[in-house]
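A closer look at the structure
For reference, the chains in residue letters:
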Amino acid sequence: MAFEQIVFYAFSAILVFSAGMVITVRNPVHAALFLVLCFFSTAGLWLLLRAEFLAIALVLVYVGAVMVLFLFVVMMLDINIAVVREGFARYLAVGGLVAIVLIAVMAMVVGGDYFGLERTPVPEQIGEVGNTRVLGLQLYTNYVYPFEIASVILLVAIIAAIALTLRRRPDSRYQEPGRQVVARRGDRVRLVSMKSEERR
């Protein structure tokens, strides 16, 4: 067995283990940390495929920014785990059926005519151009519509995350910029006339 195969199986085993832990652990913070491990394992697999740009982008964008946002949202929402876990066994069969359908759809997409692996340029075809330029050409020519749709979905997710964290609690302190802007000096400052003290 070659060294690349050993590294591939090692990263694949870590990826499968961490992906299983993401959906099985009870603590959402631990799930987010296992998802970070998934991203690192995927980046290692992409390095084996000579897709350096994708590996670095995955680590910088998802691990460095998106997962930090996820952790902040999870900690700020103060999720009640007991309420979330209610009805888990009742919907397990439906969830398993949905998972099987998703796996079948993903298999059809990978082997399709539009998104098939045979349409992906291999490293020998890239030559001196570099995989970053080839990736840009593929994104903004053949896959421009899926790229734009993914951008809109990410924008909606960002707006939803902001809306979820802006809920007001009775015990939290917050500022209202609108009231601060229209405030006048007479509303905030009161002049009191006092007699001066006389020295004896």
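Fair warning: this is a prediction, and the values are worked out from it, not measured in the lab.

**Thoughts on the confidence of the model for the protein chain**
In low-pLDDT segments, the atomic positions of the prediction should not be examined closely. Mean pLDDT over the protein chain stands at 78; residues scoring 70 or higher make up 79%. Mean pLDDT values over the elements of the protein chain span from 52, in helix 6 (residues 123-126), up to 89, in helix 1 (residues 3-24).

**Considerations on the packing of helix 1 against helix 2 (residues 28-48)**
A pair of packed helices can be characterised by two numbers: the angle between their axes and the separation between those axes. Two numbers describe how helix 1 lies on helix 2: the axes approach to 8 Å, and their chain directions differ by 155 degrees. When the axes of helix 1 and helix 2 are compared, the pair comes out roughly antiparallel. For helix 1 against helix 2, the interelement crossing comes out left-handed. Counted together, Glu4, Val7, Phe8, Phe11, Ser12, Ile14, Leu15, Phe17, Ser18, Ala19, Met21 and Val22 of helix 1 and Ala31, Phe34, Leu35, Leu37, Cys38, Ser41, Thr42, Gly44, Leu45 and Leu48 of helix 2 form the full contact between these two elements. For the contact of helix 1 with helix 2, a count of residues per class yields 16 nonpolar, five polar and one charged.

**Topic: the packing of aromatic side chains**
By convention here, two paired aromatic rings are described through the distance between centres and the angle between planes. With the rule as written, the count across this model stands at four aromatic pairs. Judged by centre distance (5.5 Å) and plane angle (65 degrees), the ring pair of Phe8 and Tyr9 falls under edge-to-face. Take Phe8: its relative accessible area is 40%, and that puts it in the partly exposed class. With a centroid separation of 5.3 Å and an interplanar angle of 70 degrees, the aromatic rings of Tyr140 and Phe147 are classed as edge-to-face. Owing to a relative accessible area of 53%, Tyr140 belongs among the exposed residues under this scheme.

**Topic: the UniProt feature "transmembrane region" (unreviewed entry) in the protein chain**
UniProt records the feature "transmembrane region" (unreviewed entry) at residues 6-25, 32-49, 55-77, 89-110 and 143-166, using the numbering of this structure. A helix fraction of 94% and a strand fraction of 0% characterise residues 32-49, whose end C-alpha atoms lie 26 Å from each other.

**Focus on the nonpolar core**
Core analysis: the largest hydrophobic core is formed by nine residues, namely Ala32, Val36, Phe39, Ala43, Ala55, Leu58, Val63, Met67 and Leu71. Broken down by element, the residue count for this core peaks at five residues, all from helix 3 (residues 52-77). Those residues in contact with Phe39, other than ones at most four positions away along the chain, are Leu58, Tyr62, Val63 and Met67.

**Let's talk about the environment of Ala10**
Relative to the helices and strands, Ala10 resides in helix 1. The exposure class of Ala10 is partly exposed, given its relative accessible area of 39%. Once the C-alpha coordinates of Ala10 and Gly44 are considered, the two residues, 34 residues apart in sequence, prove to be 9.9 Å apart.

**What about the side chain of Ser18?**
Within the secondary structure, Ser18 sits in helix 1. Since its relative accessible area comes to 0%, Ser18 is described here as buried. Of the polar contacts made by the side chain of Ser18, one reaches the backbone oxygen of Ile14; its length is 2.8 Å. Leave out the neighbours within four places in its chain, and Ser18 touches Phe34, Leu37 and Cys38.

Procedures and definitions
Residues numbered from 1 in each chain as written. Predicted model: local features only at pLDDT ≥ 70, side-chain atom pairs only at ≥ 80, totals over all residues. Heavy atoms only, no water. pLDDT = per-residue confidence, 0-100. Helix = DSSP H or I, 4+ residues; strand = E, 2+ residues; numbered from the N terminus. Axes fitted to C-alpha atoms, helices over the stretch in contact; angles between N-to-C directions. Parallel < 35°, antiparallel > 145°, perpendicular 65-115°, else oblique. Left-handed = near helix turned anticlockwise from the far one by under 90°. Contact = heavy atoms within 4.5 Å. Nonpolar A, V, L, I, M, F, W, Y, C, P; charged D, E, K, R; others polar. Phe/Tyr/Trp six-rings, centres within 6.5 Å; stacked < 30°, edge-to-face > 60°. Buried < 20%, exposed > 50% of the residue type's maximum accessible area, 1.4 Å probe, protein only. UniProt positions renumbered as here; feature names shortened; annotations may be inferred. Core = buried A, V, L, I, M, F, W, Y, C linked by side-chain atoms within 4.5 Å. Polar contact = N/O pair within 3.5 Å; in protein donor to acceptor, adjacent residues only side chain to side chain.

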